Amino acid sequence: NNDNNIINISNSLDILSIYIDNLKPPHEFLKLKDSNYIISTFIINEIFPIIFNIFNKFGKLSKISEKLIKFIRKCIQNFKRFILPSLTDIENLLIEGFKNFKFGCYLWCSGTLIKEFSDDGNDNIDDDEFIKLTPDILNNIWTFSLNQIEILINIYENNFNELNVDILEDFYRMLNDILMFKPIEFLNNFKIVEIIYKISIELIDKFNEFELLNLII
């Protein structure tokens, strides 16, 4: 029964998300400065292929997308740079998911990815900073950010009826992360800044939702 399969998949994703919170690298391990954390390596090699397969087969269902994105987001938050070997695959999933399904959860997770894999210039040293963010990785994160912005712009300009308040709120939350962690790249892209400014002004006139208006402002 397909409905039973969906329920089982959804429940399994919930259980995985709960476990992930208890599997972050312990401080004692981080002291070793070993980039091969066996649990994150297992997740990357054994669990992520299943997650990506679920995405391909059932991602069009909002409930499944939300559950699998919650799991991926928790992996990013808990494993941080240990998850770098799967960074490109995660980026592609988030881009394709938002482009094809137009669910806000893909932007919600995108903001987390941008935050975790950007150099914030903070003098505080994180425990995983022995795993370096190379210039290529940092540039790639900006390219990813720009992709998500451009997809939203395309939807806004060509399929506005497919947008809703939840998607727009998730977009502006992601945009806040971009402004926090990629301010120079964003502000130097005058064309994108101009378009986002125009869209923001129009949205203020179109919506009367406090949370959305607060995020825009």
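Given the structure is predicted, the values throughout are model-derived calculations rather than measurements.

Peer 1: How would you sum up the environment of F186? Please name residues and give values.
Peer 2: Along the chain, the position of F186 falls in helix α9 (residues 183-187). On the accessibility criterion, F186 (5% relative accessible area) is buried. Along the chain, F186 and L146 lie 40 residues apart, while their C-alpha atoms are 8.3 Å from each other. Apart from residues lying up to four places away in sequence, F186 is in contact with W142, I149, L175, I178, L179, I192 and V193.

Peer 1: Could you give me a rundown of helix α10 (residues 190-206), with the residues and numbers involved?
Peer 2: Taking 1.5 Å per residue, 17 residues should reach 24 Å; α10 reaches 24 Å between its end C-alpha atoms and fits that length. Residues of α10 that are buried include every one of I192, I195, I196, I199, S200 and L203, and no others. In a view along the axis of α10, the buried residues occupy a sector of 135°, so they form one face of it. Residues of α10 that are exposed and point over 90 degrees away from its buried face: F190, K191, E194, Y197 and D205. Check the buried side of α10 and you find it contacts α7 (135-158), α8 (165-181), α9 and α11 (210-216).

Reading the values: the criteria
- Residues numbered from 1 in each chain as written.
- Predicted model: local features only at pLDDT ≥ 70, side-chain atom pairs only at ≥ 80, totals over all residues.
- Heavy atoms only, no water.
- Helix = DSSP H or I, 4+ residues; strand = E, 2+ residues; numbered from the N terminus.
- Buried < 20%, exposed > 50% of the residue type's maximum accessible area, 1.4 Å probe, protein only.
- Contact = heavy atoms within 4.5 Å.
- Expected span 1.5 Å × (residues − 1).
- Arc of directions from axis to C-beta.

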